[in-house]
Amino acid sequence: MAVRIHPSILSADFANLERDLGAIATADYAHVDVMDQHFVPNLTLGLPVVRRLAQVSPVPMDVHLMIEDADRWAPEYAAAGASSVTFHAEAAQAPVRLARELRERGVRAGIALRPASPVEPLLDLLAEFDMVLVMTVEPGFGGQSFIEGTLPKLRRLRQAVRESGTGTWIQVDGGVSRDTIGRIARAGADTFVAGSAVYGAADVAAEIAALRELAEAPIQA
Ligand code: DX5
Ligand code: ZN
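Residues numbered from 1 in each chain as written. Chains lettered and ligands numbered in written order. Predicted model: local features only at pLDDT ≥ 70, side-chain atom pairs only at ≥ 80, totals over all residues. Heavy atoms only, no water.

A. Molecular detail of the overall build of the chain. When its secondary structure is counted, the chain shows 8 helices and 8 strands. Compactness check: the chain gives a C-alpha radius of gyration of 16 Å against a globular reference of 17 Å for 221 residues, within 12% of the reference. Along the first, second and third principal axes, the C-alpha set of the chain runs to 40 × 40 × 30 Å. Relative to its 221 residues, the chain shows a buried fraction of 56%. Contacts in the chain between residues far apart in sequence, at least 24 positions, make up 63% of those at least 6 positions apart. Total accessible area on the chain is roughly 9,300 Å²; 49% of this is exposed by carbon and sulfur atoms. (Helix = DSSP H or I, 4+ residues; strand = E, 2+ residues; numbered from the N terminus. Rg over C-alpha atoms; globule rule 2.2 N^0.38 Å. Buried < 20%, exposed > 50% of the residue type's maximum accessible area, 1.4 Å probe, protein only. Contact = heavy atoms within 4.5 Å. Areas by Shrake-Rupley, 256 points an atom, 1.4 Å probe, with all protein chains shown as cover.)

B. Focus on the coordination of the zinc ion (ligand 2). Surrounding the zinc ion (ligand 2) are the protein donor atoms His31 (NE2), Asp33 (OD), His64 (ND1) and Asp173 (OD), which sit 2.0 to 2.3 Å from the metal. Mapped onto the sequence, the residues coordinating the zinc ion (ligand 2) show the spacing H-x1-D-x30-H-x108-D. Within this pair, whereas His64 is found in strand β3 (residues 61–66), its partner Asp173 is found in strand β7 (residues 169–173), the two being separated by 109 residues in sequence. As far as the burial class goes, His64 and Asp173 line up, both buried. (Donors = N, O, S within 2.8 Å, 3.2 Å for Na, K, Ca; no water.)

C. Representation of the sheet that holds strand β2 (residues 30–35) within the structure. Taken together, 8 strands build an open sheet; the order of strands is β1-β8-β7-β6-β5-β4-β3-β2 and the sheet is parallel. Looking at which strands have only one partner, the edges of the open sheet turn out to be β1 (4–7) and β2. The mean inter-strand angle of the sheet, taken between neighbouring strand axes irrespective of direction, is 25°. Pairing of strand β6 (residues 131–135) with β7, which is carried by 5 bridges, proceeds in the parallel orientation. Bridging from a neighbouring strand, Met131 pairs with Trp169 of β7. Lying on the sheet, helix α3 (residues 70–79) is in contact with β2, β3 and β4 (84–88); it crosses β4 at an angle near 165°. (Pairing = 2+ DSSP bridges. Axes fitted to C-alpha atoms, helices over the stretch in contact; angles between N-to-C directions.)

D. Quick look at the site of ligand 1. Ser8, Gly140, Asp173, Gly195 and Ser196 are the nearest of the 20 residues found near ligand 1. Here an oxygen atom of ligand 1 and a side-chain polar atom of Ser8 are 2.7 Å apart. Here an oxygen atom of ligand 1 and a backbone polar atom of Gly143 are 2.8 Å apart. In the complex, the protein chains occlude 100% of the 380 Å² of accessible area that ligand 1 would expose alone. The site holding ligand 1 turns out to be the largest pocket. At the level of elements, β2, β3 and β8 (191–194) are the ones that each hand at least two residues to the shell around ligand 1. It is β2 that provides the largest number of residues to the shell around ligand 1, a total of 3 residues. Considered class by class, the residues forming the shell around ligand 1 number 8 nonpolar, 10 polar and 2 charged. (Near = heavy atom within 4 Å. Polar contact = N/O pair within 3.5 Å; in protein donor to acceptor, adjacent residues only side chain to side chain. 1 Å grid on protein atoms, 1.4 Å probe; cavity = no way out; pocket = protein on both sides within 12 Å on 5 of 7 lines; lining within 4 Å. Sits in = over half its atoms within 2 Å of the grid points. Nonpolar A, V, L, I, M, F, W, Y, C, P; charged D, E, K, R; others polar.)

E. Inspection of the packing of α3 against helix α4 (residues 95–104) at higher detail. The geometry of α3 relative to α4 is characterised by a closest axis approach of 9 Å and an angle of 15° between their N-to-C directions. Viewed along their axes, α3 and α4 adopt a mutual orientation that is roughly parallel. Viewed along their axes, α3 and α4 form a crossing whose handedness is right-handed. Residues Ala70, Asp71, Ala74, Pro75 and Ala78 of α3 lie in contact with α4, whose contacting residues are Leu98, Glu101 and Leu102. The residue makeup of the contact of α3 with α4, split by class, is 6 nonpolar, no polar and 2 charged. (Parallel < 35°, antiparallel > 145°, perpendicular 65-115°, else oblique. Left-handed = near helix turned anticlockwise from the far one by under 90°.)

F. Region of interest: unusual backbone geometry. Unlike most non-glycine residues, Gln37 shows phi in positive territory, near 65°. With respect to the helices and strands, the residue Gln37 is situated in the loop between β2 and α2 (47–56). Look at Asp69: it is not a glycine, yet its phi comes out positive at around 55°. Here Asp69 is to be found in the loop between β3 and α3. A residue is classified by how much of its surface remains accessible, and Asp69, at 42% relative accessible area, is partly exposed.

Put into structure tokens, the structure is as follows:
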């Protein structure tokens, strides 16, 4: 099983986003956190910035929308140049319709769950989504500590993906570090967002490589 590392530019220098995207050329995707100060108590960036970042990023962009009214706005991020668009289940009126619309626009469709949101309603619908994002902190801020209680949700999801044969990616976001990534991988995740761990490291490329190796170890064992 392939392991993917998606550094989150939430922990990059917002005055030097092009430079900091250049530093993660060995990653699989750049994770871009869009926050609207309503769905979460923080505000980051929106369509005009994503449009420009897509033009300069050395890797495809994985946009994580933490916004209300996802049905209205998510398709605009596909048009803005994202390769993957993830919306929150809690913020979408018609998640399956929205995922289909995203796929029609040629991007991967992801659905995200807050730590306290159950995964069970999605288990029969995995064919509709290219990725399920299990939030492992409450969304809104970087640098929070990993919530251990999300691991059983990852295990249930991995089992359902295996049984479904859909190949849906299982992404985790929040508190991913050298300390936690091994047990998160063992629980079933294959796609890892890391913000403060990557951008807080002295050598960003070395940190990406180290996280990748630690995530691959339990999967190959
Ligand atoms: C938080 C964001 C994350 C954030 C993760 O709501 O969705 O992508 O950047 O930050 P770390 O890796 O520092 O927990
Ligand atoms: Zn995120």
